[in-house]
Structure formats: C-alpha cells, structure tokens
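# Descriptive structure summary
Chain by chain, the residues:
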Amino acid sequence: MKNKLFRHKPKRTTFWKMFAKAMILPIIVTVALSYCLTVFIRLRVVNDVSSSVGQFQSEYLNRTLRTDINGKIPEPAYISMFGNLYPEPEGGAIDPITWVEPEYKAVTFTFDKDGNIIDSNSGEIVIVVRMSEVPGDREWYYCDPMEYDIPELKEFCKKMFSKNADIHNKIILDITSLYINAGERKMIPHTIEVTEGKVSYGYMDYGFWTNSSKIDKYEVTINADVEGYELTYIYSRNDKEKRYPCGSIQGIFGCSAEQFNEMYAECSDDVQTFIKGTGSQFFSNSGDPYMKVVGHTELRRLYSDDERYGICSYVVSDVSHLRSWYRMIIIMFLLFAFMTFIAFLICWRKNVKNKAQYAFEDYQRALTNNLAHDLKTPLAVIGGYAENLIEMRKENGGEKELRYLASIMDNVAYTDSIIAKTLRLSETEQAKELNKVKVDIKALAEKLAEKYKAALEERGIELTVTGGGEITADEDTLISAAENLISNAVKYTRDDGTIKITADKKRLTVVNDVAEDVDTKDLTMPFVKGDKARSDKSSSGLGLAIASAAAERNGFGLKVSCKDKRFTAEIIFR
C-alpha cells in the first residue's frame, strides 16, 4: 500500500456532507443525459424533416417528368396530398425511439420564372370517382376552396382544418354528390357526410376508436352555381350493393390558406434568391436546430424550357413545445431518484461504518490518554526511588547494582518521554481553535535547525536551508510539525551525511541521508518505526505522527518516502 496524504487520520465527515458529495455524480449524469437526449431529439427531428422534404421533391420531380399521367393523381392534387410531411396541418405521430410528437408545418408550391405560384399545397379536397369495378376505370378530381367565392365551402374547410390540428381527432368525409368539371378534373362538393370521433394513440402510434357513443355524425350541404360544373350524384364508397359511380374521398390535405400565406411570406425571399441565382439547387437553414423552431427551405429546378421554373418546400418544426416532453422528464426524474436512492444507501452504510470507527478511535484515544495520565504518577515515584537508591549506594554499592539502577532511570526517562509525546499528540489532534497568521517558512526552519547546530558539527553532518516565502498557518502547530521533521532528520542522518531543507510557499521539504532504506509504509501512524530502528530507545515512533497531526490541523498534508538511502519528508501546503 502506497503512502497517502492525510494517512494519519482522515477528516471526520458527517452523513449530509458525504451525501452532498455523492449527489454530484447523479446531478452531472442527469444534466448531461438530459442535454444529450434533447440534442438527439432535436437533431432527429431536423434530419427527419430534411429527409422527408427531399423524398417528396424527388417523387414530385419524377411524376412531373412523365408525359402520360392518365389515371394518375393530378399534379395539383399530388402537391396538396404530399406537400405536408403528415396529412394533418399540425401534429404528428409519436416517434417510437424518442417518444416525441413534433409539430410540423409545411408549405410546398411550384412557381414559374417570375416567382408566381402555379400549384401549391394550400388546402384542397381530393376525391377518386370509380366508374366501374375495373381497377383502372377511375377519375381524380380536386377542389381548391380558395379558387371559389363560396362562403359555405370556405367555412367548412376552415372548420376541418381546425379539427385536424388535434392529432386525437378522427374525421371521415363521405361525398355523395358533387359538382364536376370533367375537362379540368376539378370539383366542388355538394353533399358531405361527416363522421367525427376521438382516437387513442399508443406507443407505436396505432389509432382506434375508443368510444362509439362519442362519435358524431352530421351532413353538410354546399350549394354552388359555377359555370362549367355539373351536379353529379355518386354512391358512397361503403355502398353495400357496390353500385357505381362511387366516390372515395382522400380527405382535406395541405394546410389552411392563412397558414400557407404566413409561411410563404417567410420563404419568399429564398425563392427570389433562387430565381436570381444560377445554381440548380438551393438549401438554407433558417433556424438553429438547438432553438425553439427549426425552418428549412429547399428549392429545386424543374425545367429550363418550361413555364414551371422550380419547386419550393418550406418546413417548420417546433421541437420545444412537444406534447411528450413530460415522458422524458418522468424518465429523467426516475433515473435521478434511483441514483439518489443508491447514493443515499451507500452514504448511509458508510456513515454507519464511520460512526463505529470514530467511536473506536475516540475510545482508543481516551484509553491511551487515561493510561498515560495514570502512568505518570507511579512512573515518577519509580524514578524518584531509583534516584534515591543511586544516591544512597553510589559510595558503597557494587558495580552491577549501580548499573541496574542506571538502567531503571534510563527506561523511566524513555517511558516518560513516550507518555509526554502521546499526550502532545492527543493535544494536537484535539486542538479546537487555530490562530492563523503569516509565517516566514524559511526563517522558521532556520530557527528550528539552529538548536541542533552543536550536535550536527559533532557528527559531521551538513545542514542547509534554502527557499523563501510566507504562508498562512497556526504558528504553534506548524512549529510542532516542522520541529518533529527536523529532529527526526537529525536523529537518523548517518554521520558525515547531509540534511537539505527547502522551504517555499508550496511545501516544506526535509531530505536527509540514512544508512539504509527504510519502509515508509504507515510510518506516520503512531508508534510505527522504521524497520531497523524498532529497538532504538531514543525513538518513540511518535515524531512523524505528531508532525502529521499538526500538519493536518492546518489543512496541510504530510508525505514521506525513502529511495536510494535518502529519506524525504515534506509538508504540502494547500
């Protein structure tokens, strides 16, 4: 096990401090994951929009290149049906990956070389009239409500657009009579049977009628007197007798005229830029994908020799007001709650262990202090008796007897020094208030080293102090830490060796030459000595422990190491 800072005694931490630190990771994970999911959702919406626009334009270009479109969807009807990403003017299906219900709005139109709109996805009613059971015997007709000045027709379409804006609404239209202009393949609905109800959408966006009692059925009649149109009656597409002609209405597609005009105004500048340019393609992103609304304008050339010049698709997707954001919020909340619960359990378990450890440490410290105090008196008595015996027997006592008495005195002195250092260590650890002042660390080291000058000269040891700088610390405890390091170096430096003390604003380092490398594992723990000094009566094994405790009291760290017969002890200031 490597030696670590603050190995002597870790700071005691309360449960709530541990829990506060443990909650940093759940908070970071939750915030980062929420951000990543948000970016993923928004980018996915942007990519889906761009992909859908490109696919529509490719399909439209392919269709307009065909010369024979007999029996196919009329071009204006095609734009009206497929100009939107979804049939609804607003709203969409739930993405099974992101659980997102993005709100799309789109306008698509074909324009000439002057920028005039020829065809568009401004709301149209599209119907297929089947003349017989022969698969190809059918005709497509469409109706642009804005082409006619018929208030009932405009009001009906406005109502349908409003209802279609709610994804949970289900509307079925069944036209049983209509005005037809066969030459232009246009129509105006006359009698429309409307069926409305609510739809429930599941995870994969499958719809179904939830309650038949809430289904509302009514009939709308629109009277029109427009030249070139003939009133025609048809059977319902659901006619049980399968009579012909029958009408199969595709619904009201595209967007409302108000929406079209509003969005056309936003992309009209891009159209003019495209017309004045020379490129065959033009793409602009008019919104930041990380902001509220993302807008895409995409334009392509149709023909260079045709009155139709190009096609424009402008799509806006609101990805901030998503109806399913609450799902992600719930998921994030559950994940955060789970991580919080795990952090709570881990901290609670650690707190229980810490309390037991703290209680044991307090008991151990109290026991040691009490024993030290209790031993001081009998030890003093033993020392006094031994001293008196030496005085009484020094004239006529035998050599062996005097040697025994001297040994008793030495061991009493050694034991007394251990007791004094033990009490000093306890006092250092339990000191409550610190008086922090500015301390010149080099001057302090020089002052402490001065007292060992005679002993160092006698043993031929060279001591140097270098560096400089001031730190803020409690001077008494800092002196205690530095003095123990220096005295430890003086004690264990080999004769004719060197001691180098370096003091600056970052650390106080004491490096001394030793006779052999020592194991520094747990060397800052109380009563732990180097392997070769365990029987040394001059060492109590408490010097580095006191230095570590004193350094810790100031919020510093003590680190010791030994390599190539050079012992290094350093107090790291922080």
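Residues numbered from 1 in each chain as written. Predicted model: local features only at pLDDT ≥ 70, side-chain atom pairs only at ≥ 80, totals over all residues. Heavy atoms only, no water.

### A short note on the overall build of the chain
Selection rule: Runs of H or I in DSSP of at least four residues are treated as helices and runs of E of at least two as strands, each being numbered from the N terminus. Think of it in three bands: with a 1.4 Å probe and only protein chains considered, a residue is buried below 20% of the maximum accessible area for its type, exposed above 50%, and partly exposed in between. Two residues form a contact once any of their heavy atoms are found within 4.5 Å. Computed by Shrake-Rupley with a 1.4 Å probe, the accessible areas treat only the displayed protein chains as cover when residues are assessed.
The secondary structure content of the chain amounts to 11 helices and 21 strands. Looking at the chain as a whole, 45% of its 574 residues are labelled buried. Here the contacts in the chain between residues at least 6 apart in sequence split such that 70% fall between residues at least 24 apart. Element-wise, carbon and sulfur atoms account for 53% of the exposed surface of the chain, whose accessible area totals about 31,600 Å².

### Let's talk about the sheet that holds strand β21 (residues 566–572)
Short version of the rule: At least two DSSP bridges between two strands are needed for those strands to be called paired. Lines fitted to the C-alpha atoms define the axes, with helices restricted to the stretch that makes contact. Angles between their N-to-C directions range from 0 to 180 degrees.
What the 5 strands build is an open sheet, ordered β16-β18-β19-β21-β20; its pairing is mixed. Looking along the sheet, the strands with just one partner apiece sit at the ends: β16 (462–467) and β20 (557–563). Within this sheet the neighbouring strands show an average axis-to-axis angle of 10 degrees, counted without direction. Of the strands in this sheet, β16, β18 (498–503) and β19 (507–513) are in contact with helix α8 (residues 441–450), which crosses β16 at around 165 degrees. Set on the sheet, helix α10 (residues 475–492) makes contact with β18, β19, β20 and β21; between it and β19 the angle comes to about 10 degrees.

### Some words on the confidence of the model for the chain
Stated formally: pLDDT measures the predictor's confidence residue by residue and takes values from 0 up to 100.
When pLDDT is averaged along the chain, the result is 76; 73% of the residues meet or exceed 70. Least confident of the elements in the chain is strand β7 (residues 207–209), whose mean pLDDT is 48; most confident is strand β9 (residues 230–233), at 94. Segment residues 1–9: pLDDT under 50, and 34 contacts once partners within four positions in sequence are set aside and those in other chains are kept. Contacts for the low-pLDDT stretch residues 531–535, under 50 throughout, to residues beyond four places or in other chains number 4 contacts.

### Observations regarding the nonpolar core
Heads up, the condition is: Residues belong to a common nonpolar core when they are buried Ala, Val, Leu, Ile, Met, Phe, Trp, Tyr or Cys residues joined through side-chain atoms within 4.5 Å.
Among the nonpolar cores identified, the biggest contains 36 residues, and Leu 478, Leu 508 and Ile 571 are the most heavily contacted of them. Put simply, the parts of the chain that give this core at least two residues each are α8, β17 (470–474), α10, β18, β19, α11 (543–553), β20 and β21. Among the elements that line this core, the one with the most residues is α10, at 7 residues.

### What to know about the packing of α8 against α10
We count it as follows: Each angle receives one of four descriptions, namely roughly parallel if under 35 degrees, roughly antiparallel if over 145, roughly perpendicular if within 65 to 115, and oblique otherwise. Helix crossings fall into two classes, left-handed where the near helix is turned counterclockwise from the far one by less than a right angle and right-handed where it is turned clockwise. All residues other than Ala, Val, Leu, Ile, Met, Phe, Trp, Tyr, Cys, Pro, Asp, Glu, Lys and Arg, Gly among them, are scored as polar; the first ten of these are nonpolar and the last four charged.
At their nearest, the axes of α8 and α10 sit 10 Å apart, and the two run at 50 degrees to each other. Relative to α10, the element α8 lies oblique. Handedness of the crossing formed by α8 with α10: right-handed. In contact with Ile 441, Leu 444, Ala 445, Leu 448 and Ala 449 of α8, α10 contributes Leu 478, Ile 479, Ala 482, Glu 483 and Ile 486. Tallied by class, residues from the contact of α8 with α10 come to 9 nonpolar, no polar and 1 charged.

### Looking at the packing of aromatic side chains
Keep this limit in mind: For Phe, Tyr and Trp, where Trp contributes only its six-membered ring, two rings pair if their centres lie within 6.5 Å, and the inter-plane angle classes them as stacked under 30 degrees, edge-to-face over 60, or tilted in between.
This structure, assessed with the given rule, holds 15 aromatic pairs. Aromatic side chains Phe 19 and Phe 344 sit 6.0 Å apart centroid to centroid with 80 degrees between the ring planes, which places their arrangement in the edge-to-face category. Placement of Phe 19 in helix α1 (residues 15–22) and of Phe 344 in helix α6 (residues 325–393) is noted, with a sequence separation of 325 residues between them. Taking the relative accessible area as the measure of exposure, Phe 344 reaches 33% and is therefore partly exposed. When the centroid spacing of 6.2 Å and the interplanar angle of 45 degrees are considered together, the rings of Phe 111 and Tyr 309 count as tilted. Here Tyr 309 lies in strand β14 (residues 308–318) and Phe 111 lies in strand β1 (residues 103–112), a separation of 198 residues in the sequence. By the burial criterion, Phe 111 is buried, and Tyr 309 matches it. An aromatic cluster of three or more residues is present, and its members are Phe 109, Phe 111, Phe 260, Tyr 264, Phe 274 and Tyr 309.

### Quick notes on helix α3 (residues 75–82)
Summarising burial for α3: 7 of the 8 residues are buried, a large majority. Taken residue by residue, α3 has Glu 75, Pro 76, Ala 77, Tyr 78, Ile 79, Ser 80 and Met 81 as its buried positions.

### Digging into a nonpolar patch on the surface
We count it as follows: For patch building, the residue pool is restricted to those with more than 30% relative accessible area and no salt bridge; the joining distance is 9 Å between like charges and 5 Å between nonpolar side chains (Val, Leu, Ile, Met, Phe, Trp, Tyr). One side-chain nitrogen of Lys or Arg within 4 Å of one carboxyl oxygen of Asp or Glu is enough to make a salt bridge.
Together, Phe 338, Phe 341, Ile 342, Phe 344, Leu 345, Ile 346, Trp 348 and Val 352 line one region of the surface with nonpolar side chains, adding up to about 780 Å² of accessible area. In this fold, Phe 338 is placed in helix α6.

### Quick look at the pattern of salt bridges
Side-chain pairing between opposite charges can occur once the charged atoms of the two side chains come close. Summed over all chains, the structure comprises 10 salt bridges. The partner of Asp 513 in a salt bridge is Arg 494, and the shortest N-O contact between them spans 3.9 Å. Residue Asp 513 is located in strand β19, and its partner Arg 494 is located in the loop between α10 and β18; the two are separated by 19 residues in the primary sequence. With a relative accessible area of 7%, Asp 513 lands in the buried category. Here Arg 494 falls in the partly exposed class, since its relative accessible area comes to 36%.

### With respect to the side chain of Asp 119
Position of Asp 119 relative to the elements: it lies in strand β2 (residues 117–120). Its relative accessible area of 14% is what places Asp 119 among the buried residues. If we ignore the near neighbours within four places in the chain, the residues touching Asp 119 are Tyr 60, Glu 75, Pro 76, Ile 79, Thr 108, Phe 109 and Thr 110.

### Quick notes on a positive patch on the surface
The line we're drawing: Charged-residue counts in this description rest on Lys and Arg as positive and Asp and Glu as negative, His and the chain ends being excluded. Just so you know, the charge point we use is NZ for Lys, CZ for Arg, CG for Asp and CD for Glu.
The grouping of Lys 17, Lys 21, Arg 349, Lys 350 and Lys 353 at the surface amounts to a positive patch. Ranked by residue count, the leading element in the positive patch is α6, at 3 residues. Tracing the sequence through the fold places Arg 349 in helix α6. For Arg 349, a relative accessible area of 56% corresponds to the exposed category.

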